[in-house]
Amino acid sequence: MKFVKLTFQYIKGKHFWKLAALTLLPSLLFSFLSSFSNIASFFVNFFDQNLSSFAAIYSKLIDVNGKNFVFVILSIVVFSSIIAILIGAMQRHMRTGKFSAKNTFRRINDNFMPTILVLVILYIIIYMFGFLISLLIAFWFAVTKIQLATLILSAFFTLVIFIVLAYLISLFCLSTPFMVTTGAGIFSSASSSIRTTRNHIKDIFVAITLPLIPLFALEYVAVIINIWIVSILIDTFFVSFLMCYYPVLIFVTYYDIQQMDREDLLPVNRL
């Protein structure tokens, strides 16, 4: 819980919300075009699904078409730009104690490449997650021919895959801070991240996964309620929270583990 507390300690500061407001509009637009509720919708309506083929299952879990691909590329660029601004302002705030929302284009220029590299990897992980779940569902239905057994086995192994992926993300989560603060390449930063996080993996894993539990629960609520505006609001909150929480998490974790002084914590700089 240590890193969760440090993250919310920073988030509740008045300065952060000046930047967090940047996430609302793109999160809202994202919610109109896509949703994190596909998996929730699939499992809630499991007994009405076509389980006869992998392709039928995968198309329900992950949108796979040309238009979606263009949207993914655009969303990666937009989200990378916004997160680059967040990271730039936040990193300067922690390093110097001075908060400034200025120099937007310089911050995008300085932090865009590290951010977009990480986001591309995360998008690949999301698609691989959908691929593996689809493969599991198709496999268990082919083996058992019973939908209830397929549901139970698929839900269990979906949880296992999620835990494994979350563990791997925990190991690599400090790659961006290393790239931003040291100028190292992605492979060198990934290696540094593994060496740095492995002795703190339990706390980092909790910090990464714990907020996702209520978020995923909200997605199931949205599917069950099945009201369009509720789904839009929940998806908007989901995306906006992800864009705000995780950049802060990885930097407060980086500063804490590296035992670097944070000037923003000084009483004179909290005002």
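About the thresholds
- Residues numbered from 1 in each chain as written.
- Predicted model: local features only at pLDDT ≥ 70, side-chain atom pairs only at ≥ 80, totals over all residues.
- Heavy atoms only, no water.
- Helix = DSSP H or I, 4+ residues; strand = E, 2+ residues; numbered from the N terminus.
- Rg over C-alpha atoms; globule rule 2.2 N^0.38 Å.
- Buried < 20%, exposed > 50% of the residue type's maximum accessible area, 1.4 Å probe, protein only.
- Contact = heavy atoms within 4.5 Å.
- Areas by Shrake-Rupley, 256 points an atom, 1.4 Å probe, with all protein chains shown as cover.
- Phe/Tyr/Trp six-rings, centres within 6.5 Å; stacked < 30°, edge-to-face > 60°.
- Patch = residues over 30% accessible without salt bridge, like charges linked within 9 Å, V, L, I, M, F, W, Y side chains within 5 Å.
- Salt bridge = Lys/Arg side-chain N within 4 Å of Asp/Glu carboxyl O.
- Axes fitted to C-alpha atoms, helices over the stretch in contact; angles between N-to-C directions.
- Parallel < 35°, antiparallel > 145°, perpendicular 65-115°, else oblique.
- Left-handed = near helix turned anticlockwise from the far one by under 90°.
- Nonpolar A, V, L, I, M, F, W, Y, C, P; charged D, E, K, R; others polar.

Caption draft 1: Region of interest: the overall build of the protein chain. Per the secondary structure count, the protein chain includes 13 helices and 0 strands. When the elements of the protein chain are put in sequence order from the N terminus, they spell out α-α-α-α-α-α-α-α-α-α-α-α-α. The C-alpha radius of gyration of the protein chain comes to 20 Å, within 12% of the 18 Å expected for a compact globule of 271 residues. For the protein chain, the spread of C-alpha atoms along the three principal axes comes to 65 × 40 × 30 Å. By residue count, 47% of the 271 residues in the protein chain fall in the buried class. In the protein chain, 76% of the contacts between residues at least 6 apart in sequence involve partners at least 24 apart. Accessible area for the protein chain stands at about 14100 Å²; split by element, carbon and sulfur atoms hold 71% of it.

Caption draft 2: Structural view of the packing of aromatic side chains. The tally for this structure, following the rule as stated, stands at 18 aromatic pairs. Between the aromatic rings of Tyr58 and Phe131, the centroid separation amounts to 6.4 Å while the plane-to-plane angle is 75°, which identifies the pairing as edge-to-face. With Tyr58 in helix H5 (residues 54-61) and Phe131 in helix H7 (residues 104-144), this pair connects stretches of sequence that are 73 residues apart. By relative accessible area, Tyr58 is classed as buried at 15%. Each ring, one from Phe162 and one from Phe216, has its centre 6.1 Å from the other, and the planes form 80°; the classification is edge-to-face. With Phe162 in helix H8 (residues 147-172) and Phe216 in helix H12 (residues 212-225), the pair connects residues that are 54 residues apart, well separated along the chain. Overall, Phe162 belongs to the partly exposed group, its relative accessible area being 23%. Residue Phe216 is classed as partly exposed on the basis of its relative accessible area of 33%. Ring pairs connect the aromatic residues Phe8, Phe237, Phe241, Tyr245 and Tyr246, which therefore count as one cluster.

Caption draft 3: Spatial organisation of a nonpolar patch on the surface. Together, Leu25, Leu28, Leu29, Phe32, Leu33, Val221, Ile225, Ile227, Trp228, Ile229 and Leu233 make up a nonpolar patch on the protein surface, roughly 1100 Å² of accessible area in all. For the nonpolar patch, the elements supplying multiple residues, two or more each, are helix H3 (24-33), H12 and helix H13 (228-257). The element contributing the most residues to the nonpolar patch is H3, with 5 residues. Inspection of the secondary structure puts Ile227 in the loop between H12 and H13. On the accessibility criterion, Ile227 (42% relative accessible area) is partly exposed.

Caption draft 4: Structural context of the packing of H12 against H13. Taken N-terminus to C-terminus, the directions of H12 and H13 make an angle of 165°; their axes are 9 Å apart at the nearest point. In terms of orientation, H12 and H13 fall into the roughly antiparallel class. In the crossing of H12 with H13, the sense of the turn from one axis to the other is left-handed. From H12, Leu212, Leu215, Phe216, Leu218, Glu219, Ala222 and Ile225 reach across to H13, where they touch Val230, Ser231, Ile234, Asp235, Phe237, Phe238, Phe241, Leu242 and Tyr246. For the contact of H12 with H13, the per-class residue count stands at 13 nonpolar, 1 polar and 2 charged.

Caption draft 5: Looking closely at the environment of Leu159. On the secondary structure map, Leu159 appears in helix H8. On the basis of relative accessible area, Leu159 is assigned to the partly exposed category, the value being 48%.

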